[in-house]
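Listed below, chain by chain, are the residues.
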Amino acid sequence: MTDGTSGTDDEAEAVACGSTSVGGEPESSDSMRTFGAVVSALREHHGYSREEFAPLVRYSRHTVVSIELGRRMPDKPFIERAEELLGNTGALRKSVEHLSRQPGLAAWFRQWARLEGKAISLNTYECRLIPGLLQTEAYARTLFVNQLPPLGERQIETQLKARLERQRLLRERENTAYNFILEEHLFHRCMGGAEVTRELIDHVLDLTQVRNIEVQLMPLVRENHAGLHGQMRLLETPENRWYAYCEGQESGLLISEPKVVSMLQMRYATMRSQALSFEDSVSLLQRIRGAL
C-alpha cells in the first residue's frame, strides 16, 4: 500500500502471515474488525495516509495496520490520540468498550477453525490425543486440567465451551465428509481414567453411525507408516481448494502451497490404506471398550 486509502497490500501481507504461522497477533473478532474499519474510515475522511497517521498517534505503521485490520486490540493511549486527530466525536472511546477477542480458541488455530466451518471435506490424522471434534466433555476437561502452565477455572470453562461449540460442525454440516485416522494407543492411554475412556469410546462409536463420519484406527503394530512426521489435517473448501494444518506445542501452521498440500494428501491417502478398515476399526473399538 502506498497512499493509505486501500488496504489491499496490507491485507495480502496479513493473509500471507496467517497462511504460514498464526502464532503472532491474535485472530480478530467481528467487533475488532468493525472498530478497525471505523478507524480507517475516519482517518481517510480526515485526509491522513497511514504513513502520516502513525507518527501522529506515536505508533508504528505496522501497529496502525494491525488495528485497522482488526488483528490487534487498541490500547487507551492509541484511542485518546486517535480521537484528538479524528474529530473528537467520542466514537472510538464508546466503541472500544464493546471490543472482544474470540475466546477459547488458540490464536494460531482460529484461522483454521474458520475454514473448518465451511469445509466440504475434512481429513484428520492424530497421534497425540483424540481430536477436538470427537472429544467428550469429560475428556476435554481432563486435557485442560492437565495443561501446563495451569489454567484457571474460568479459562478452563471458556476453552471447554469453545471446544464443544466447534463440535456443532459434526451435527450441522451433513454434506461435509469427515474422516479421522486415530492411533490405537490413544484409547489405551485411558486419559482421565477408565470411566472417561469408556464414555469417550461410546461417543466415538455413536459418531460412526452417522453416515458422513468415518473413523479408522492405526493399529499398534504396523511395519510401515506414512504418518511418522506427526499429526495433520486436510480440508477442501466449497471452491474445491485444499488447505492443510499442522500443529506444534504452541504454534500452528496453515498451509496453502499446492505442492506441500499435495504431498500431505499423498501421505494421508497412504495412511488410509495402512489403517484398519472402517468396519475393523469399529470392531477394535468395541473390544477395547469391553476390556476396560
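Predicted model, so just to flag it, every value in this text is computed and none were measured.

Chemist: With reference to specific residues and values, describe the overall build of the protein chain.
Modeler: Along its length, the protein chain carries 14 helices and six strands. Here the protein chain holds 292 residues, and 45% of them are scored as buried. Partitioning the contacts of the protein chain with sequence separation of at least 6, the portion at a separation of at least 24 is 74%. Summed over its atoms, the accessible surface of the protein chain is roughly 14,900 Å², and 52% of this surface lies on carbon and sulfur atoms.

Chemist: Explain helix H3 (residues 50-57) to me, and be specific about the residues and the numbers.
Modeler: For H3, the complete set of buried residues consists of Arg50, Phe53, Ala54 and Val57. The arc that holds the buried residues of H3, viewed along the axis, is 105°, so those residues lie on one side. One or two residues past the end of H3 sits Arg58, with phi positive at roughly 65°.

Chemist: Report on the pattern of salt bridges, specifying residues and quantitative values.
Modeler: Evaluation of the coordinates by the stated rule reveals 16 salt bridges. With a closest N to O distance of 3.9 Å, Glu116 and Arg233 form a salt bridge. Of this pair, Glu116 sits in helix H7 (residues 110-116) while Arg233 sits in strand S4 (residues 232-236); the two residues are 117 residues apart in sequence, bridging distant segments of the chain. Taken as a pair, Glu116 and Arg233 share a single burial class, namely buried. For Arg168, the salt bridge is made with Glu165, and the minimal N-O distance between the two is 2.4 Å. Arg168 sits in the partly exposed class, given a relative accessible area of 32%. Here the residues in one salt-bridge network are Arg43, Glu44, Arg50 and Glu68, joined through shared partners.

Chemist: Summarise the environment of Val260; cite the residues concerned and give the values.
Modeler: Along the chain, Val260 turns up in helix H13 (residues 258-274). Taking the relative accessible area as the measure of exposure, Val260 reaches 31% and is therefore partly exposed. For Val260 and Tyr243, which are 17 residues apart along the polypeptide, the C-alpha to C-alpha distance reads 9.4 Å.

Chemist: Can you tell me about the pairing of S4, naming the residues and giving the values?
Modeler: Within S4, five of the five residues are buried, which leaves the element mostly enclosed by the surrounding structure. The alternating pattern of S4 places Met232, Leu234 and Glu236 on one face and Arg233 and Leu235 on the opposite face, and all of these are buried. Bridge analysis of strand S1 (residues 121-126) against S4 gives five bridges, and the strand direction is antiparallel. For Leu122, the partnering residue across the bridge sits in S4 and is Leu235. When S4 meets strand S5 (residues 242-247), the two strands line up antiparallel, connected through four bridges. Bridge pairing in S5 links Leu234 to Ala244.

Chemist: Lay out helix H5 (residues 76-85) with the relevant residues and their values.
Modeler: For H5, the full list of buried residues reads Phe78, Ile79, Ala82 and Glu83. Buried residues of H5 fall within an arc of 125° about the axis and therefore sit on the same side. The exposed residues of H5 that point more than 90 degrees off its buried face are Lys76 and Glu84. Structurally, H5 contributes buried residues whose contacts are with helix H2 (30-45), H3, helix H4 (61-68) and helix H6 (91-95). With a side-chain oxygen positioned 3.1 Å from the backbone nitrogen of Phe78, the residue opening H5 is Asp75.

Calculation notes
- Residues numbered from 1 in each chain as written.
- Predicted model: local features only at pLDDT ≥ 70, side-chain atom pairs only at ≥ 80, totals over all residues.
- Heavy atoms only, no water.
- Helix = DSSP H or I, 4+ residues; strand = E, 2+ residues; numbered from the N terminus.
- Buried < 20%, exposed > 50% of the residue type's maximum accessible area, 1.4 Å probe, protein only.
- Contact = heavy atoms within 4.5 Å.
- Areas by Shrake-Rupley, 256 points an atom, 1.4 Å probe, with all protein chains shown as cover.
- Arc of directions from axis to C-beta.
- Salt bridge = Lys/Arg side-chain N within 4 Å of Asp/Glu carboxyl O.
- Pairing = 2+ DSSP bridges.
- Polar contact = N/O pair within 3.5 Å; in protein donor to acceptor, adjacent residues only side chain to side chain.

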